[in-house]
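Working through the structure, step by step
Chain residues, written in single-letter form:
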Amino acid sequence: MRGLTKTYPGGRRPRGAPPAGPVTASRDIALDIARGEVFGLLGPNGAGKTTLVRQLTGLLRPDAGSVTLLGHDLVRHPRRAPRLLAYLGQESTALDELTVALAIETTARLRGLDADVARREREAVVEELDLAAVAARPLKRLSGGQRRLACVAAALAGRRPVLVLDEPTAGMDPVARRAVWAAIDRRRACDGTTVVLVTHNVIEAETVLDRVAVLDAGRVIACDTPGGLKALVGTDVRLELVWRDEPPLGEPEIAALRAAATVAGRRWTLRLPADRAREAVAAVTAGPAFAALDDFTLATPSLEDVYLALGGRGAGLERS
Amino acid sequence: MSAHPLAPGVGVWPALGAVYRAQLSRARVARIPLLFVATFQSIGIMILMRGVVDGGDGEEARAVVAGSAVLVVAFVALNLLAQYFGQLRAAGGLDHYATLPVPAAAVALGTAAAYASFTVPGVVVTAVAGGLLYQLPLGGLWVLLAVVPLAGAALAGLGAALGLLAPRAELATLCGQLGMSAALLLGVLPEGRLPEPVRLLRDLLPSSYGVDALAVALVPRPDWGSVVANLAVCAGVGAAALALATWAYRRAALR
C-alpha cells in the first residue's frame, strides 16, 4: 500500500451546532507486507484499522494512493480482491440465520468450490475449529464467541493466498482463541498464506504476529516485529499499584510516585527504569504504604506501553 | 515478480443456486410464523369481505380472492424482503457477499427467488380457501404456477430495491409496509369501483397484473388471451424490477 488516504465528509450535526469537519480515517499510509507473513494492525477503536482493511479488500475506494496485492492493482480492479483474499468483517448479519454448517458450506460454494469439495471443506473446518457440537444450530442462537468462531470458519473455507481478518477472536474464550491462532498458523506453515489481522488485543498481537503496524488516528505510528517495537521503549518496566485505602501521601517517596503516575481511580500506573522500579517496590511494600496497598504488579514492556510511548492517544487496548 | 493467478470467479447460475438454497433454508427456520401471519391475514380479509360480496363468479368475488392470494406474495416478497435487505445493508452485512467472487445479480436474484418461492404454500392455501368460500371454479388455479413466480419477481425485485436504496433501515421497513398496504387496498377492491386516479395508481403497482390474471382465470371459461396479456405485463415489470434490484445491490455493496 502506498500513500493510502481516505477522508469522510463531516457528519450531519443538529441545527445551530458548528458544522463537523471532514474526518480523515487513513492518512497517507504506506505498508509493505511480505508473502507468508502474519501481519497485524494494532490500535484502539477508531484508529482507522477497519477503514484500512476495507480499502485493502476492495470494499472502499481510497481517495488517493495505491494498493497492490500479489501483483494486482486493487484500486483499479477492486473486483479482483475477492479472487485473491478471504475477508472476515466485524458483522455476521449475512450469515446469522443460517446454520453453522450451511454458512460455511455456502461461503465455500460462493468462493468457487464445487458442491462435493465445499462439503468436504466444511467438514474439515468444522473439525479443525471444534464446531461439530453447534454445526446444526443457526448462528444467531449461539453465544457471541461461538458465532465469531463460526464466522472465522466461513472465512477459512475455500483456500485463498491472503486472509484479511478483522478482530477474529473478539469475544471468544481462551480455548476458541487458541484454536483460531493455531488454524492461522497452520495455513501459514502449510500453504504459505499471508494473513493481515486487525486486533486491539495486546496478547494476540504478541502471540501470533510476525510484524505489527501500530495505528493511531489514521496514521501508522510504528511498524516492526513485536520484539523490535518493545525495544523502542527501552528497558522501562511498568509498575501498577492498586490501593485499598487512601495512600499515605505524607511520605515523600509515595508523593513522588503519585506525581509520576497515571491515576485511574485507585489504580496508579508508572513507567520506570528497572532500578527506580525496584526502589519504588521497596517503598510501597513497607510501613504505612504497605498497609494501604491492595495489590501491585511489575511487568516488562508490552505493546500497550509501546503504543502509549509512541504518543498513542486512546487507551483502548485490551490486555486479556 | 509475476502476479499471483486469480481464483476463478463464480458463474451467475451456481452462485444463484447457492444463495437460493441458503436463503430458502433460512426462510424455513425463521419465516414460517410470518407465512402463517400472511396467510391468515388474507383468509381473514376474505371472510370479512364475504359479508358484503356475494358468492359466485361475479367480478367482485373474483377480485377479492385473487387480490387476497397475491397479497401473500406482497407480504413476504415485498415487505419482508425490503426489511431483510434494509437491515443487511444497515448492519454492514453486504460486505460478506461483496468480498466473495460472485456476480451482484446472483445475490439479489437468489434472495428474491427464495422469498418468492417461500410464498407458494400460503398463496395456494389462500386461493383454494377463497375459491371454496366464494363458490368459484377451482379449475383455473393452475395459473398460480405462472402468477406466483411472475408477481413474485416483480414484488421481490421492488422489495429488494426499496431495502437497498432506502437511506435507513427504518425507512426500508416503512416503504415495505406501505407497499404491502397498497397491494392490499388496490388488489382486493374490485377495479370497477375505484375512482379514476386510484385506478391509475393500481395500474402502476406491479402486482395488479398478477391479480388480474388470476381473477380472469377464476371463471368457468376463462379468456386465456387476457390471462396471457396480463401475465406478459407482469413478466415485463418483473424483469425491470429485478434489474433495478441488481443495480441497487451493486450500488449498495460496492462503494
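Residues numbered from 1 in each chain as written. Chains lettered and ligands numbered in written order. Predicted model: local features only at pLDDT ≥ 70, side-chain atom pairs only at ≥ 80, totals over all residues. Heavy atoms only, no water.

So, on to the interface of chain B and chain A. Each partner contributes to the interface: chain B provides 36 residues, whereas chain A provides 33 residues. Taken over both partners, the interface formed by chain B and chain A buries close to 3,100 Å², and the fraction arising from carbon and sulfur atoms is 62%. Taken together, the connections running from chain B to chain A amount to two salt bridges. The salt bridge involving B:Asp95 is made with A:Arg54; its shortest N-O contact spans 2.3 Å. Connecting chain B to chain A are seven residue pairs in polar contact (both at pLDDT 80 or more). At the level of elements, helix H1 (12-30), helix H3 (59-90) and helix H4 (94-98) of chain B are the ones that each hand at least two residues to the side of chain B that touches chain A. Take the side of chain B that touches chain A: its biggest share by element is nine residues, from H1(B). Broken down by class, the residue content of the side of chain B that touches chain A amounts to 23 nonpolar, eight polar and five charged. (Contact = heavy atoms within 4.5 Å. Buried area = accessible area lost by both parts, 1.4 Å probe. Salt bridge = Lys/Arg side-chain N within 4 Å of Asp/Glu carboxyl O. Polar contact = N/O pair within 3.5 Å; in protein donor to acceptor, adjacent residues only side chain to side chain. Helix = DSSP H or I, 4+ residues; strand = E, 2+ residues; numbered from the N terminus. Nonpolar A, V, L, I, M, F, W, Y, C, P; charged D, E, K, R; others polar.)

Residues and elements named next belong to chain A. Contact geometry for helix H2 (residues 100-110) and helix H3 (residues 115-128): axes closest at 9 Å, N-to-C directions at 135 degrees. On the basis of their axis angle, the class for H2 and H3 is oblique. In this structure, H2 crosses over H3, and the sense of that crossing is right-handed. Residues Ala101, Ile104, Glu105, Ala108 and Arg109 of H2 lie in contact with H3, whose contacting residues are Ala115, Ala118, Arg119, Arg122 and Val126. Looking at the contact of H2 with H3 residue by residue, the class counts come to six nonpolar, no polar and four charged. (Axes fitted to C-alpha atoms, helices over the stretch in contact; angles between N-to-C directions. Parallel < 35°, antiparallel > 145°, perpendicular 65-115°, else oblique. Left-handed = near helix turned anticlockwise from the far one by under 90°.)

All names here are of chain A. The mixed open sheet is built from six strands, whose spatial order is S7-S8-S9-S3-S10-S11. The open sheet has two edge strands with one neighbour each: strand S7 (85-88) and strand S11 (219-224). Shown here is a sheet whose adjacent strand axes are inclined to one another by a mean of 15 degrees, direction ignored. Two elements, strand S3 (residues 38-42) and strand S10 (residues 211-216), share four bridges in a ladder whose sense is parallel. Directly across from Phe39, in S10, lies its bridge partner Arg211. Contacts between helix H1 (residues 49-56) and the sheet are confined to S3, S7, strand S8 (162-166), strand S9 (194-199) and S10, with S9 contributing the most and set at about 150 degrees to the helix. Those strands touched by helix H4 (residues 144-156) are S7 and S8, and its axis lies near 170 degrees from that of S7. (Pairing = 2+ DSSP bridges.)

Residue and element names in this part refer to chain B. Following the UniProt record, the feature "transmembrane region" (unreviewed entry) maps to residues 34-53, 65-85, 97-118, 138-164, 171-189 and 227-249 here. Note that residues 97-118 is 77% helix and 0% strand, and that its end C-alpha atoms are spaced 22 Å apart. What you have in residues 138-164 is 78% helix and 0% strand, and the ends, taken at the C-alpha atoms, are 38 Å apart. (UniProt positions renumbered as here; feature names shortened; annotations may be inferred.)

Our focus in this paragraph is the sheet that holds strand S14 (residues 267-272) of chain A. Residue and element names in this part refer to chain A. Spatially, the four strands line up as an open sheet ordered S13-S14-S12-S15, and their pairing is antiparallel. Looking at the sheet topology across the chains shown, the edges are occupied by strand S13 (262-264) and strand S15 (293-299). Neighbouring strand axes in the sheet, compared pairwise and without regard to direction, differ in orientation by 15 degrees on average. Sheet strands in contact with helix H8 (residues 252-260) are strand S12 (237-243), S13 and S14, and its direction is about 85 degrees off that of S14. Along the sheet face, helix H9 (residues 274-284) touches S12, S14 and S15 and points at about 15 degrees away from the line of S12.

Below, the discussion takes up the environment of A:Ala213. Assignment of secondary structure puts A:Ala213 in strand S10. When near neighbours in sequence (up to four residues on either side) are disregarded, A:Ala213 contacts A:Leu31, A:Phe39, A:Gly40, A:Leu41, A:Leu42, A:Val220, A:Ala222 and A:Cys223.

The next subject is the packing of aromatic side chains. All names here are of chain B. If you walk through the whole model with that rule in mind, you get five aromatic pairs over all chains. Geometrically, the ring pair formed by Phe36 and Phe40 is tilted, given 5.9 Å between the ring centres and 35 degrees between the ring planes. Remark: Phe40 and Phe36 occur in helix H2 (residues 32-50); sequence separation between them is four residues, near one turn of the helix. When its relative accessible area of 54% is taken as the criterion, Phe40 is described as exposed. Grouping aromatic residues by their ring pairs yields a cluster made of Tyr84, Phe85 and Tyr115. The ring of Tyr134 has Arg50 lying over it, and the distance from NZ or CZ to the ring centre is 5.4 Å. (Phe/Tyr/Trp six-rings, centres within 6.5 Å; stacked < 30°, edge-to-face > 60°. Buried < 20%, exposed > 50% of the residue type's maximum accessible area, 1.4 Å probe, protein only. Lys NZ or Arg CZ within 6 Å of the ring centre and 35° of its normal.)

What follows deals with the confidence of the model for chain B. Residues with a pLDDT of 70 or more make up 97% of chain B, whose mean pLDDT is 87. Across chain B, the element-wise mean pLDDT spans from 84 in H1(B) up to 92 in helix H6 (residues 120-133) of chain B. (pLDDT = per-residue confidence, 0-100.)

The next subject is the domain arrangement of chain A. For interface size, the figure often reported is the accessible area lost on association. Taken domain by domain, chain A consists of domain 1 (2-12 + 25-230) and domain 2 (235-300). For domain 1 of chain A and domain 2 of chain A, the distance between their C-alpha centroids amounts to 40 Å. (Domains from an automatic or database assignment.)

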